[in-house]
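Working through the structure, step by step
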Amino acid sequence: MPIKVRIPTPLQKLTQNKGEVEASGQTVAQVLASLESQYNGLKTRLYDENGQLRRFINFYVNDEDIRFLQGDQTVVKDGDEISIVPAIAGGS
Amino acid sequence: MLLTMPSSQDYLNQIKKEIKEISVEELKKKLDKKENLLVIDVREKEETEGGVIPGATKIPRGFLELKIENLEPNKNRPIVINCAGGNRSALSAKALQDLGYQNVSSLKGGYAAWQHAGFPIEQKKGLSSDKMARYARHTSMPEVGEEGQLKLLSAKVLLIGAGGLGSPAGLYLAAAGVGTIGIIDNDVVDKSNLQRQILHDESWEGLPKVESARHRMKGINSDIKVIPHQTRLDRTNALEILKDYDIVVNGCDNFSTRYLLNDACYFLKKPLVDGSIFRFEGQVTVFDPARGGPCYRCLYPLPPPPEMAPSCQEAGVFGVLPGIIGSLQAVEVIKIILGQGEPLIGKLILYDALKQKFREMKIRRDKTCPLCGDNPTIKELIDYEWFCSTAHSQ
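Everything quoted here is computed from the prediction, not taken from an experiment. (Residues numbered from 1 in each chain as written. Chains lettered and ligands numbered in written order. Predicted model: local features only at pLDDT ≥ 70, side-chain atom pairs only at ≥ 80, totals over all residues. Heavy atoms only, no water.)

**A look at the overall build of chain B**
Heads up, the condition is: Counting from the N terminus, the helices are the DSSP runs of H or I reaching at least four residues and the strands are the DSSP runs of E reaching at least two. Using C-alpha atoms as the atom set, the radius of gyration is obtained and then compared with a globule rule of 2.2 Å times the number of residues to the power 0.38. Under the scheme applied here, a residue whose accessible area is under 20% of the maximum for its type counts as buried, over 50% as exposed, and between as partly exposed, the area being computed with a 1.4 Å probe on protein chains only. Only heavy atoms matter for contacts: two residues are in contact if any of them lie within 4.5 Å across the pair. Charged residues are defined narrowly, with Lys and Arg counted positive, Asp and Glu counted negative, and His plus the chain ends left uncounted. A charged residue contributes its charge at one atom only: NZ of Lys, CZ of Arg, CG of Asp or CD of Glu.
From N to C terminus, chain B includes 17 helices and 13 strands. Compactness check: chain B gives a C-alpha radius of gyration of 27 Å against a globular reference of 21 Å for 394 residues, more than 25% above the reference. Overall size of chain B, expressed as C-alpha extent along the three principal axes, is 100 × 50 × 45 Å. For chain B, the residues scored as buried account for 49% of the 394 residues in total. Intrachain contacts of chain B at a sequence separation of at least 6 include 68% that bridge at least 24 residues. Positive and negative side-chain charges of chain B, numbering 51 and 49 respectively, have mean locations separated by a distance of 4 Å.

**Overview of the side chain of S167(B)**
All names here are of chain B. By the secondary structure assignment, S167 is in helix α10 (residues 166-176). On the basis of relative accessible area, S167 is assigned to the buried category, the value being 0%. Ignoring any residue separated from it by four or fewer positions in sequence, one finds S167 in contact with A162, Q197, I198 and L199.

**Digging into α10(B)**
All names here are of chain B. The element α10 is extensively covered by neighbouring structure, given that nine of its eleven residues are classed as buried. Taken together, the buried positions of α10 are occupied by G166, S167, P168, A169, G170, L171, L173, A174 and A176. Two residues or fewer past α10, G177 is found with a positive phi of approximately 85 degrees.

**Digging into the domain arrangement of chain B**
Put simply, an interface is often sized by how much accessible area is lost when its parts join up. To keep things clear, this is the line we draw: The split into domains, and so the bounds of each, comes from an automatic or database assignment of domains.
Examined at the domain level, chain B breaks down into domain 1 (8-124) and domain 2 (155-390). When each unit is reduced to the centre of its C-alpha atoms, the spacing between domain 1 of chain B and domain 2 of chain B is 47 Å.

**Things to note about the sheet that holds strand β13 (residues 357-362) of chain B**
Residue and element names in this part refer to chain B. Inclusion rule: Two strands are counted as paired when DSSP detects at least two bridges linking them. Axis angles are defined between N-to-C directions and span 0 to 180 degrees, where every axis is a line fitted to C-alpha atoms and, for a helix, only to the segment in contact.
Here eight strands make up an open sheet; going across it, the order is β8-β7-β6-β9-β10-β11-β12-β13 and the pairing mixed. Of all the strands in the sheet, just β8 (225-229) and β13 have a single pairing partner and so form its edges. Pairwise comparison of adjacent strand axes, ignoring direction, gives a mean angle of 15 degrees for this sheet. As judged from the three bridges shared by strand β9 (residues 247-250) and strand β10 (residues 272-278), these two strands associate in the parallel manner. Across the sheet, residue V248 finds its bridge partner in β10, namely L272. Against the sheet, helix α16 (residues 321-338) touches β6 (156-160), β9, β10, β11 (281-287), β12 (347-352) and β13, its axis set at about 170 degrees to β10.

**Focus on the interface of chain B and chain A**
To keep things clear, this is the line we draw: Accessible area that two parts lose when put together, evaluated with a 1.4 Å probe and summed over both, is termed the buried area. By definition, a salt bridge exists where a carboxyl oxygen of Asp or Glu is found within 4 Å of a side-chain nitrogen of Lys or Arg. Gly is put with the polar residues, along with every residue not named as nonpolar or charged; the nonpolar set is Ala, Val, Leu, Ile, Met, Phe, Trp, Tyr, Cys and Pro, and the charged set is Asp, Glu, Lys and Arg.
In this complex, chain B contributes 42 residues to the contact, which on the side of chain A involves 29 residues. Sorting the residues of chain B by area buried against chain A places Y300(B), M308(B) and K362(B) first, and these three jointly supply 19% of that buried surface. Joining chain B to chain A, the criterion identifies five salt bridges. Residue contributions to the side of chain B that touches chain A peak at five residues, all from β13(B). Across the side of chain B that touches chain A, the residue classes break down as 19 nonpolar, ten polar and 13 charged.

**Quick word on the packing of aromatic side chains**
Residue and element names in this part refer to chain B. Put simply, the rule is: Pairing of aromatic rings covers Phe, Tyr and the six-membered ring of Trp, with a centre-to-centre limit of 6.5 Å; geometry is then stacked below 30 degrees between planes, edge-to-face above 60, and tilted otherwise. Think of it as a cone above the ring: NZ of Lys or CZ of Arg counts as a charge over the ring if it is within 6 Å of the ring centre and within 35 degrees of the ring normal.
A full pass over the atoms with the stated rule returns eight aromatic pairs over all chains. Each member of the aromatic cluster is reached from another via a ring pair, and the members are Y259, F287, Y296, Y300 and F387. For the cation-ring pair, R43 lies above Y111, with the distance from its terminal atom to the ring centre recorded as 4.1 Å. The ring of F387 carries the charged tip of R297 above its face, separated from the ring centre by 4.8 Å.

**Observations concerning unusual backbone geometry**
Generally, phi is negative for residues other than glycine and the peptide bonds are trans, each holding for most cases. Residue and element names in this part refer to chain A. Phi at Q16 takes a positive value of approximately 55 degrees, unusual for a residue other than glycine. Within the element layout of this structure, Q16 appears in the loop between β1 (2-6) and β2 (20-24). When its relative accessible area of 56% is taken as the criterion, Q16 is described as exposed.

**Thoughts on the sheet that holds strand β5 (residues 81-86) of chain A**
Two pairing modes exist for strands in a sheet, parallel and antiparallel, and in both the strands are linked by backbone hydrogen bonds. All names here are of chain A. Ordered in space as β2-β1-β5-β3-β4, the five strands form an open sheet in which the pairing is mixed. The open sheet is flanked by β2 and β4 (64-65), the only strands paired with a single partner. Where β1 meets β5, three bridges bridge the pair, whose relative direction is parallel. Its bridge partner being in β5, K4 is matched across the sheet by E81.

This is the structure:
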């Protein structure tokens, strides 16, 4: 089933400048894997070399941070929305 | 039948028969016993400047009926009204009685009798008439009022950066009458700043941003004190500079300062009103672990490696975006000072200018946080440049 995924500005060059894409899967990890098959290169931006989600990027299922759920094994269902939100430092 | 209109004295006498009166001695006893009683002083502003009965709420006679239900919705609570001599308070007591208040009395002899009896008075610091005029749109709202405005005037807020976010925040906080505003920034005004940094103008090009900011903010409001800190914040000066302020507004432009500020505010127990921007997107939240909220490290445990963190200088920033985000930060600062509304603690606002959309995410306190978690390992300020350049290779 398709899950809506919100892509932050710095990663949109990998999603053909789309800020919102769809992918399918039962868990966050599956959805991200499905995204990688559509948009090559995304995975290395989201996961580190040890296969862990990067700690300066937050992943939300709806409004909950998955670090406080089951990480990338968090189950998603039809109608859920995943948001990818990286730390940004700009202020000036 | 002959109709005779009553004189004002007859009218007053009639009213005094229809209401309860209380003597100053009786009121003193009730206040000494700390009875749950509301004292309302209905004299005009100039009359109450010399003092009021301790704990009295000031509502000039003309506003009483309009304001009473907001002030005291419970119509059974005992209320004592005083004026200068006991006549306006009698009329006021009758008005409240007509509005359904069950337990209203008028103070016989009024404030004059209270003073004559030698009972204690309370002299509330009030706004001068000049300040009353300046802040009239604030003070007429019950959420601010004269008391809230006095809180703003005595508040001390530190802006980190006089740039994109610091500009709108500084302008609005100055206009709102935040009494002491510190600004820390080590840069000079550059032409490329003027596309968004509305504190500065062309005539200040090449001059220190903190001076330009002070000039502009004092121009809006000469009541306030603006303290320039022309330096770069680092771990050697952060605690010393931050300690004198009540609230810190984050408008810096790099990760190492963000982690430094987070840790320094945590150690000093100061709320950190955080904002950050990138191209068309912004984030706002309030970090206040001292009041149970999460910190920046709970939200982002590690900074991105430098090659994955493009700055605004490289990536660009939409000029109006800091106007929105910095203004939201000013809103949070003022709410914290006033103690009004719900502060943005534990909530992350995401703003997308292109979609014109706000979203809100939860931020949870991380029990494993090295700073504010259950077993902290960071117990003093660290080397943040080093932390940000090596966090990923450890």
